[in-house]
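The chain contents come next:
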Amino acid sequence: MASVGIGTPVCRVFSVMNPTRKPYSFTWRCEDSSPPPFRCLTPKGTIQPGKKVESSFEFLAQELDTVESFWTFLITEQSISVPFLLVGTAREPVVYLDRAHLNLGSLLVGREIQETVYMVNGEDVPFDFSIRENSRHSEAFHDSLLLEPLKGTVLPRDRFPVAVSFNPTQEGSVTFNLKCDVRGKAQPFTLNVKAEGYSMSACVCCEGPEGDVTELGPGKPHQVDFRQVELSDKSSCNFLVLNPGKYTLDVQYELWGPAELQRHLLVEQGNASVAVGQQSRCTLTFAPVHKCVLKETGLSIKIKNGPVFTCSLSGAAVPPGVEFSFLKHNFGLNFIYQAGMVPSCQTLLITNKGERGVSLECLFSNTAFLEVGFLPEVLPPGGAVEVPITFYPREAVRYQERVVFQINACTKQAVEILGQGTEMKISVEEPRHKVVNLGVIQVGQKTKRAIPLVNNSLVPLAFSLISSPSLEVLLDSKVLSVRPAGEVTLRGGGGRCLVELQFSPRQRMAPFSEELQLECLGTVRPLLVLKGCCQGVEVSLDQDYVPFGAIAQRCQANRRIVMTNTGDIGACFKWDVKKFAPHFSICPTEGYICPGMEVPFDVTFAPTELSQDLRNDNLPCTIEGVQPSNSPWQGPVLPLPSPRRWWCLRARGQRWVLRPVIEGEHWSGPPSIILEPHQQCHAYEITYRPLVMTTDGKKHQGSVFFAFPDGTGILYTLLGSSEPPKAAGTITHEMPCKTPYTELLHVQNWLNKSQRFRVVVDMMKPDRPDSTVMLKGLDYLDVPALAKRDYKLSFFSYREGLFSAKVTFRNELTKEYLFYYVTFKATAAGVARTLEMATAVRQMATGLLTLENPLPSAVSFTTDCRNTDINVLPQLCVPALSTGTLMFEYQPLREGDSTTRLSLHSVELGYFHYDLLLQATPAPREKPLYFRAALGSGHSASAKFTNYSRVKTEYTCKTDSPDFTVERTVAVPAGYQGGTQVCVEVYFEPCQLGESRALLTLSSSSGGEYLFPLCGSCTLPKPQGPFSIRAGSSVSIPFKNVFPQATAFSFQLDNPAFAVRGVDPIRPKKTQSVLVSFQGPPSGSQGPCSGKLTVTSPALRARATACPGCTTSKAFPPRRPPPYRSPPKTPANQAWVKHASQIL
């Protein structure tokens, strides 16, 4: 028997046969003196005749060698013994590790490494192995190997991996001798493992912001305090990393903490490599960008495969030393701002109390109610700047705004501004005093009025009264006085004072109407209107002087003048005829002139002597209450000289070439002339081109000198007069009004030096100032020497018209000028704006238009829109120098898209056209009407709607179901914008059980279309009756055919005492009477007799029942039928009831 390894049993089995016919017993006996390595597993047994028995032996090797053992097979009954020799052989199993030595090399302390070795099985049977636990530890158990697994089974002809892991805990070399036991091997085999541990050491020092140096230790946080750092400033600290080890260090600098705080920190480098014996420097900078406090923030210095050094950072960012005089200001109650009003203003003082200059910028954009006058600037240390903040309340509301200033582009400071607008409510106490009539008085009389004035504003109001009458005579305070004359302050909430008016005229005054104004806070507003007049005499002549021209002696000439009395009272007049003599006379010389009358006078001139000038001045006419008038004369005008002259020169016998010398900047001529021999005359042309005008009768002087070859010469004196320049050009342009236009005027500098021109624009047409027309440009224009510049002249007109102007460019030093005539024709304006409006039919959409009034007086606009769906106010008044808002409404009555034009017209500003693109979407359906009726009856309801038609109209009514009936047409009055309520009656009469749906349509050409959903419910019919019939009489029961077609019905009675007469087929929706008679009760019966009438339609399988009753004269009293609400339109409904339950 062969065994692989020791300690592993090996079994061998063989058979023993009984060839006899008798059974026998057997026994195995060992003959060795010492315990044998063999063991019989079947030491005894019985063998049946002709059978076999297996005998089994086990070999357990104890050593690697060949052993023998003697055994005897005994059969006792037969006295038979058979000797056996057992031989066993054991050998070393082929199981081993793939290596005997394992070198893990140099390992970083704390870093784990893993290697794999394999257990190899070269045998055909599996083997178990186990690694001794104590062999995986080093001496003193400082280091240990981690083996995975420590034991296992290696399959036949296979190998098993074993992972060897090592994590050194200290520096230095370490050796392990792993012992591995394998089942069947006499001795364990050994695996020698070697490794060397090393660590990455570093020295880190920190140089703080104050210059102090501290050495950092791993695992011990170090505190770095940056203290207080101003925004836009910075503070730094340095970190020094020294490498004393044997290997190069990889260093990583990493910030930790909230990301919001990390943005204020800057690390010079994120990673560094430090060679052996070298050092590395890293700078950490705290540069705050806004106010913050460093906490729970730090810097980690991580040595790769080494220690970690941690620094905690602290510090605070403070704003620059900029001080604001206030951070919140309340303007309080202020009157709503109007053009010309002095607004409330508060000055914000910003002071730099720091040691560095700061840049200031205002992030606030001016609004309509708040204006901040600030420009970005750099404020030096100790410097200050004043920032005016002006409050312009536009509405009677509370205002709140934040004005934000940015300091050094990093920090912000907000200043809160509060205020409230309030309306100025000051007026006369009684509305009737809006117009004060001073009455009609005569010269010398006096009238007084006292008008109470009240201040209903919320705040006190200081004002003064202004009287600026158009009549010059009313400017005299003795004629019209207004008191109080100075400034008056009225308390808010009902302050009151009296305005005293006194009128004492000194001369006749036509009826006048003047406005008394109130000046407050820089604005002028009307207070009341003064009316009055003074009757008197007012006489005038149609001409102030009478010229006669040249008259021959002893001849005469006549002229007529007219005296007119435009006053209220007649007066006597008389001429002083002595002053007319001796050459003049007048007729009539005296008389009376009535009010409104004209008196002609004939003036005669009859000279008696020769004279170049006969004149009579100060010829008085005495009139009651009127000063006399005089008569002056007038004189002629003289022309100007020509600008060019020619001179004639003559040669004396030879050909001369002359070079004339011209003095004077205004003259020029040819540089030379040639005179031929014996030439009679040669003209030399001199051009006079003045650069400046001559004034005060002075002339430009110059000279021209001709030097002849014979030594003689001739000198001519030049004189010239320069007239004003002609227009440099006439420009005409046509453009639509309300359209800005810029015209370029070419300005030529005729001098060889630069000129500055003052530009003056004089309007020629219209001759009166018109604030609706703007024609302007720069006040000055600089033109280089002998150059040309373009001058931009801007034109804008609010209304159509022809506008002419003279644009003069004048040199204020030399008084020279040039000018242009410009004419602009403003044609009709186009569409100012296009607005889109969309809404559902009969729904309202609102539009807003903003109109600007640039004029110093209020402007009234009239509106025009021909689309009846647009509702707009007929007039809009916009105050002076302000804007107004026009609100209009769009309420369509019919579906569809349309276009219309809304026009606004003002006498002062012309037309404004706006195109409206209108879209009317379908209107939603009206609320449904619900009906409920039993079959054979009906239900009526009212469909209510609002009619918005602008004119009287008629609505067509129709339904799409025969169960619902309605009137064909309904006439309604005009509804206008508010609308009128209209009701239409709808009647529901079903013809079958169940629900019924329909749509009611009401349509009109001007009012639009209304849709009402109709929902009807038909229930089972209700029984009718009883009907009382006396014996021998009959009753007529009305019966209606509610079906939409003609129907034949059969009538059946359940009591033979009653009889019914049949009827012909009944037309649809028609009623017919059914006659039921009662012959009398059966013999022997007493009391009332009852029966039931059943109406059946074979075609429709319908039945209607009625319950007539019969009575006798004694036993059956009349009975009142139960109450039932049914339409009173037809009596048939009272009979055709309660048949629907048996119809279907």
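First, a word on what this report is: a plain description of the structure on this page. (Residues numbered from 1 in each chain as written. Predicted model: local features only at pLDDT ≥ 70, side-chain atom pairs only at ≥ 80, totals over all residues. Heavy atoms only, no water.)

### Things to note about the overall build of the chain
On a plain count of helices and strands, the chain comes out with one helix and 92 strands. Over its C-alpha atoms the chain spans a radius of gyration of 66 Å, topping by over 25% the 32 Å that the globule rule assigns to 1144 residues. Out of the 1144 residues in the chain, the part that is buried amounts to 40%. Within the chain, counting contacts between residues at least 6 apart in sequence, those at least 24 apart form 68% of the total. Counting only carbon and sulfur atoms, one obtains 50% of the accessible surface of the chain, whose full area is about 63600 Å². Both charge centroids of the chain, one from 113 positive and one from 104 negative side chains, sit 10 Å from each other. (Helix = DSSP H or I, 4+ residues; strand = E, 2+ residues; numbered from the N terminus. Rg over C-alpha atoms; globule rule 2.2 N^0.38 Å. Buried < 20%, exposed > 50% of the residue type's maximum accessible area, 1.4 Å probe, protein only. Contact = heavy atoms within 4.5 Å. Areas by Shrake-Rupley, 256 points an atom, 1.4 Å probe, with all protein chains shown as cover. Lys, Arg positive; Asp, Glu negative; His and termini not counted. Charge placed at Lys NZ, Arg CZ, Asp CG, Glu CD.)

### Observations regarding the environment of tryptophan 750
Relative to the helices and strands, tryptophan 750 resides in the loop between β62 (741–748) and β63 (755–765). On the basis of relative accessible area, tryptophan 750 is assigned to the partly exposed category, the value being 24%. A C-alpha to C-alpha distance of 120 Å links tryptophan 750 and arginine 132, two positions 618 residues apart in sequence. Ignoring sequence-local partners within four residues, the contact set of tryptophan 750 consists of Leu691, Gln755, Phe757, Leu786, Glu816, Tyr817 and Leu818.

### What about a nonpolar patch on the surface?
Taken together, the side chains of Phe70, Leu85 and Val87 make up a nonpolar region of the molecular surface, amounting to roughly 250 Å² of accessible area. By the secondary structure assignment, phenylalanine 70 is in strand β7 (residues 66–75). For phenylalanine 70, a relative accessible area of 44% gives the class partly exposed. (Patch = residues over 30% accessible without salt bridge, like charges linked within 9 Å, V, L, I, M, F, W, Y side chains within 5 Å. Salt bridge = Lys/Arg side-chain N within 4 Å of Asp/Glu carboxyl O.)

### Focus on the nonpolar core
Counting residues in hydrophobic clusters, the biggest one holds 35 residues, and the most contacted among them are Phe226, Phe239, Val241, Leu284 and Ile301. Put simply, the parts of the chain that give this core at least two residues each are β18 (203–207), β20 (222–230), β21 (235–242), β22 (249–256), β24 (271–274), β25 (279–286), β26 (292–303) and β27 (308–318). For leucine 284, the residues in contact, after removing those within four places along its chain, are Phe226, Ser235, Ser236, Cys237, Phe239, Leu255, Leu265, Leu266, Val267, Leu299 and Leu313. Grouped together as the second largest cluster of nonpolar side chains are 33 residues, Ile451, Phe463, Phe512 and Leu528 included. (Core = buried A, V, L, I, M, F, W, Y, C linked by side-chain atoms within 4.5 Å.)

### Structural notes on the pattern of salt bridges
Under the definition given, this model contains 24 salt bridges. Across the pair aspartate 770 and arginine 799 runs a salt bridge, and its minimum N-O distance is 2.9 Å. In this pair, aspartate 770 sits in the loop between β63 and β64 (773–776) while arginine 799 sits in the loop between β66 (788–797) and β67 (801–811), placing the two residues 29 residues apart along the sequence. Where lysine 1040 meets glutamate 989, a salt bridge forms, and the shortest distance between an N and an O atom there is 2.7 Å. A residue pair is termed long-range when its members are at least 10 positions apart, and lysine 1040 in strand β86 (residues 1033–1040) and glutamate 989 in the loop between β82 (980–988) and β83 (994–1004) qualify at 51 residues.

### A few points about the layout of surface pockets
Volume-wise, the largest pocket comes out at about 690 Å³. Considering the residues around the largest pocket, the lining is formed by 23 residues, among which Gln338, Ala339, Pro879, Ala880 and Ser882 are closest to the centre. With four residues, the single largest contributor to the lining of the largest pocket is strand β45 (residues 523–535). Grouping the constituent residues of the lining of the largest pocket by class yields 13 nonpolar, seven polar and three charged. (1 Å grid on protein atoms, 1.4 Å probe; cavity = no way out; pocket = protein on both sides within 12 Å on 5 of 7 lines; lining within 4 Å. Points joined across faces, edges and corners; volume = space filled by probe spheres on them. Nonpolar A, V, L, I, M, F, W, Y, C, P; charged D, E, K, R; others polar.)

### So, the packing of aromatic side chains
For any pair of aromatic rings, the description consists of the separation of the ring centres together with the inter-plane angle of the planes. Applying the stated criterion to the full structure yields 45 aromatic pairs. Ring geometry for phenylalanine 226 versus phenylalanine 286: centroids 5.5 Å apart, planes at 45°, classification tilted. Of this pair, phenylalanine 226 sits in strand β20 while phenylalanine 286 sits in strand β25, and the two are 60 residues apart along the sequence. The exposure class assigned to phenylalanine 226 is buried, which follows from its relative accessible area of 4%. Considering the side-chain rings of phenylalanine 945 and tyrosine 955, the 5.2 Å spacing of their centres and the 70° angle between planes classify their relative orientation as edge-to-face. Here tyrosine 955 lies in strand β79 (residues 953–959) and phenylalanine 945 lies in strand β78 (residues 939–947), a separation of ten residues in the sequence. Tyrosine 955 carries the same exposure label as phenylalanine 945, and that label is buried. A connected cluster of aromatic rings, assembled from ring pairs, spans Phe14, Phe26, Trp28, Phe57, Trp71, Phe73 and Phe84. Across the ring face of phenylalanine 912, the terminal group of lysine 738 is positioned such that the distance to the ring centre comes to 4.4 Å. (Phe/Tyr/Trp six-rings, centres within 6.5 Å; stacked < 30°, edge-to-face > 60°. Lys NZ or Arg CZ within 6 Å of the ring centre and 35° of its normal.)

### Some words on the pairing of strand β35 (residues 398–407)
Here strand β31 (residues 358–362) runs beside β35; their pairing, made up of three bridges, is antiparallel. Across the sheet, the residue bridging to cysteine 362 is phenylalanine 405, located in β35. Both β35 and strand β36 (residues 411–422) contribute to a ladder of ten bridges, which runs antiparallel. Residue glutamine 400 lies in a different strand from β36, and its bridge partner there is leucine 418. Taking the residues between adjacent antiparallel strands as the criterion, β35 and β36 are bridged by three residues, where asparagine 408 takes a positive phi near 55°. (Pairing = 2+ DSSP bridges.)

### Here's the deal with unusual backbone geometry
The peptide bond linking glutamate 148 to proline 149 adopts the cis configuration, its omega dihedral lying at 0°. Position of proline 149 among the secondary structure elements: in the loop between β13 (145–148) and β14 (151–154). Here the residue pair arginine 483 and proline 484 is connected by a cis peptide bond, since its omega of 5° sits within 30 degrees of zero. Assignment of secondary structure puts proline 484 in the loop between β41 (480–483) and β42 (488–490).

### Re the side chain of histidine 222
Here histidine 222 shows up in strand β20. Residue classification places histidine 222 among the buried residues on the basis of a relative accessible area of 18%. Once residues within four sequence positions are removed from consideration, histidine 222 is found in contact with Cys206, Thr214, Leu216, Thr310, Cys311 and Ser312.

### Concerning the sheet that holds strand β81 (residues 969–972)
Strands sit in the order β77-β84-β83-β79-β81 across an open sheet of five strands; the sheet is mixed. Either end of the sheet is taken by a strand with one partner, and the two such strands are β77 (929–934) and β81. Averaged over all neighbouring strand pairs, the angle between strand axes comes to 25°, with direction disregarded. Judged from the six bridges that link them, β77 and strand β84 (residues 1008–1019) form a sheet pairing that is parallel. Paired with tyrosine 930 across the two strands is cysteine 1015, which belongs to β84. (Axes fitted to C-alpha atoms, helices over the stretch in contact; angles between N-to-C directions.)

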